[in-house]
Structures are given as C-alpha cells and as structure tokens.
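Spelled out, the chains give:
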Amino acid sequence: MAEDEAGSDSREGVTPPPRRYPTSLYSHGAEPDPRFSLANERTFLAWIRTSLALIAAGVALEAFVVNMPAGIRLAAALLLVIAGIAAPVQAWVGWLRIEGALRSSRPLPAPVLSLPIVGVVVVAGTLVLIGLLPWS
Amino acid sequence: MSDATPQDAERVFDAGLQPERTVLAWQRTVLALGIGVLAGSRVLFPMLGMISSVLLAAGLTVVLGLFVAIRRRYERMHTHLTEESHLSLPHGAVLPAALALFVVVSAVGALAFVVVSALGLT
C-alpha cells in the first residue's frame, strides 16, 4: 500500500511523475505519501470554505442588518470581509508550506495567519454584539 | 444498472478512501461557492442591475468548470494511483490556485460592495 511504496519514484524503470505546478515546489524533495498530500488539500479546502463563510457574513451584515448603528455595522462588516480575504491567502500559503515540508520530511509548519484571522473575527463578533445591544 | 464487478469495487487506492474524501471536500466547497455566486448576484442586483446577471453567468461558468475539472481530476488520480507503478499524485496545484484566486477576487468585490453600500454611493 501507500506507505510501502511512497517515494519509490527514484527506482529505475519507473515512470517519472508528470510536470506539475508549481514547478518550484515539485522540483525539490521526494514524493510524499499521496494520502498526506490529499489531507493537505482538504485543509486548503477547509480554509476556502471558512473564507466563503466570512465573506457571506460580512456582506449579509451590511446588506440585511438594519437595527444596528451604521458605524459599528460597517466596521464589523469590513473586518469580516478582510478576514475573508486573508483566509484564502492562508489557504494557499499554508498548502505550499505544508507540501514543501512533506516533500523534505520537515516538521509541519503552523498556519501563520490563523491567529490574526481569529483576532479579527473575535473583534468583529464583539462589535456585532455591542451593536445589537438595546442602548447602542 | 451498474456493470461494475466485485474486482472493480476492490480497486481502491486507500482503505480510508482519501481520494474520495478529497473529491467530496472539493464538491462541497464548489457547491458553497455556487450558492455564494447566486446569493451575491441577488444582493448586487439593486446596485448593478443587469451587470449582476453578467457576473452571475461568469461565476456559474467558473463553478461548473470547477465541477467538471474536479471530476476529471479524480478519475485521473484514481487510475493513476490504482494502476500505475509509482505512487505519487498526478496533478499539481492548478485547481487550488485558481480557486484561491477566484475567492480572493470575489472577496475584494465583496469589500467594494460593503464600502459602497455603507457610504450610500448608489
């Protein structure tokens, strides 16, 4: 199975893998177990879905929520959409770094943008909470 | 009626069905993207009028293209992993890069919508 033969491309008489994008990534290291690469891809997709949810929340806040001070609503919506821009950046950069680490058998890197995104979402959520209070 | 044989059913690369789980993750992501495109064009209609229909058509074209591409990618990956003599993924990251770019562009559009809507420029 996969772990028995992963990285077996260096054997003689074996077809080399096709040219793949990004070439700078695939030109280094050894082929990892495909299951690890697929798990990395699913993490990438989870970040993309997180981004879609953040964008939808920001747009919905501005488009549909009326009983909230305009300034607070705008600030929260902007923060959510900015986090929605940062999430696919994290998705792509994280995918690249993890795939590179897998190919060179290095420890997996931490998601660098996750803490800023969490901070922004917490602030946006707090603003929404404040905006929905009766005395706002 | 399927003409699949028991041998076909056994031809999976991984008992944990990693390729299948991955293609399902792609499908639910693209489905969410499609819903986002539909909802976004609806929200933008009062602001942009018929231009939102053009954006809807373009967005749905991208979504349908992604659906077809991930299906073909899975079939190629399945064949490669179960029949080839080496175990490496046959595909690179063209689809992930295209998806990330599409989402970033959509998010920048959403940012513009929020600002324009809040400032009452329409």
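Quick summary incoming for the structure in this document.

Procedures and definitions
Residues numbered from 1 in each chain as written. Chains lettered and ligands numbered in written order. Predicted model: local features only at pLDDT ≥ 70, side-chain atom pairs only at ≥ 80, totals over all residues. Heavy atoms only, no water. Patch = residues over 30% accessible without salt bridge, like charges linked within 9 Å, V, L, I, M, F, W, Y side chains within 5 Å. Areas by Shrake-Rupley, 256 points an atom, 1.4 Å probe, with all protein chains shown as cover. Salt bridge = Lys/Arg side-chain N within 4 Å of Asp/Glu carboxyl O. Helix = DSSP H or I, 4+ residues; strand = E, 2+ residues; numbered from the N terminus. Buried < 20%, exposed > 50% of the residue type's maximum accessible area, 1.4 Å probe, protein only. Core = buried A, V, L, I, M, F, W, Y, C linked by side-chain atoms within 4.5 Å. Contact = heavy atoms within 4.5 Å. 1 Å grid on protein atoms, 1.4 Å probe; cavity = no way out; pocket = protein on both sides within 12 Å on 5 of 7 lines; lining within 4 Å. Points joined across faces, edges and corners; volume = space filled by probe spheres on them. Nonpolar A, V, L, I, M, F, W, Y, C, P; charged D, E, K, R; others polar. Buried area = accessible area lost by both parts, 1.4 Å probe. Polar contact = N/O pair within 3.5 Å; in protein donor to acceptor, adjacent residues only side chain to side chain.

## Overview of a nonpolar patch on the surface
- On the surface, a cluster of nonpolar side chains totalling about 210 Å² of accessible area is made up of Val89(A), Val93(A) and Val112(A).
- Mapped onto the fold, Val89(A) is located in helix α4 (residues 70–103).

## Points about the pattern of salt bridges
All names here are of chain A.
- A complete count under the given rule lists six salt bridges over all chains for this structure.
- Across the pair Arg 103 and Glu 31 runs a salt bridge whose closest N-O atoms are separated by 3.3 Å. Pair noted here: Arg 103 is in helix α4 and Glu 31 is in the loop between α2 (23–26) and α3 (34–64), with a separation of 72 residues, a long-range link. Of the two residues, Arg 103 and Glu 31, both sit in the buried class.

## Observations regarding unusual backbone geometry
- Cis rather than trans, the peptide bond between Tyr21(A) and Pro22(A) has omega equal to -5°.
- On the secondary structure map, Pro22(A) appears in the loop between α1 (2–5) and α2.
- With a phi angle near 55°, Ser105(A) is a residue other than glycine that sits in the positive phi range.
- Looking at where Ser105(A) falls in the secondary structure, it is placed in the loop between α4 and α5 (114–132).
- A positive phi angle, close to 55°, is found at Leu17(B), a residue other than glycine.
- With respect to the secondary-structure elements, Leu17(B) resides in the loop between α1 (6–10) and α2 (18–48).
- Judged by its relative accessible area of 35%, Leu17(B) falls in the partly exposed class.

## Let's talk about the nonpolar core
- Phe44(A), Leu33(B) and Leu99(B) are the most contacted members of the largest nonpolar core, which totals 44 residues.
- Counting residues per element, the ones that place at least two in this core are α2, α3, α4 and α5 of chain A together with α2, α3 (50–83) and α4 (94–119) of chain B.
- Apart from the residues within four sequence positions on either side, Leu99(B) is in contact with Phe44(A), Leu45(A), Ile48(A), Trp26(B), Thr29(B), Leu33(B) and Leu66(B).
- Core analysis: the next-biggest nonpolar cluster, separate from the first, contains eight residues, Leu38(A), Phe13(B), Tyr74(B) and Leu87(B) among them.

## Description of empty space enclosed by the protein
- Here the structure, examined in full by the defined rule, presents two cavities of 30 Å³ or more.
- Space inside the largest cavity adds up to approximately 100 Å³.
- Surrounding the largest cavity, 15 residues form its lining, Tyr26(A), Ser37(A), Glu99(A), Leu89(B) and His91(B) being those nearest its centre.
- Among the elements of the structure, α3 and α4 of chain A are those that each provide at least two residues to the lining of the largest cavity.
- Tallied by class, the residues present in the lining of the largest cavity amount to five nonpolar, four polar and six charged.
- By volume, the second largest cavity is sized at about 40 Å³.
- In terms of lining, the second largest cavity is formed by Glu41(A), Pro19(B), Thr22(B), Val23(B), Trp26(B), Ile70(B), Arg73(B), Tyr74(B) and Met77(B).
- When contributions to the lining of the second largest cavity are tallied by element, the ones reaching two or more residues are α2 and α3 of chain B.
- Residues belonging to the lining of the second largest cavity are distributed by class as follows: six nonpolar, one polar and two charged.

## Some thoughts on the interface of chain B and chain A
- Contacts between the two partners involve 42 residues from chain B and, on the opposite side, 46 residues from chain A.
- Buried surface at the junction of chain B and chain A, summed over both partners, amounts to about 3700 Å²; 74% is from carbon and sulfur atoms.
- At the surface where chain B touches chain A, the tally comes to one salt bridge.
- A salt bridge links Glu41(A) to Arg73(B); its shortest N-O distance comes to 2.7 Å.
- Our enumeration of links across chain B and chain A arrives at eight residue pairs in polar contact (both at pLDDT 80 or more).
- At the level of elements, α2, α3 and α4 of chain B are the ones that each hand at least two residues to the side of chain B that touches chain A.
- Looking at the side of chain B that touches chain A residue by residue, the class counts come to 28 nonpolar, nine polar and five charged.

## Observations regarding the layout of surface pockets
- In this model, the largest pocket occupies a volume close to 810 Å³.
- If you trace the largest pocket, you find 33 residues lining it, with Gly36(B), Val37(B), Gly40(B), Ser41(B) and Ser106(B) closest to the centre.
- Sorting the residues of the lining of the largest pocket by element identifies α3 of chain A together with α2, α3 and α4 of chain B as the ones contributing at least two each.
- Residue contributions to the lining of the largest pocket peak at twelve residues, all from α2(B).
- Across the lining of the largest pocket, the residue classes tally to 26 nonpolar, six polar and one charged.

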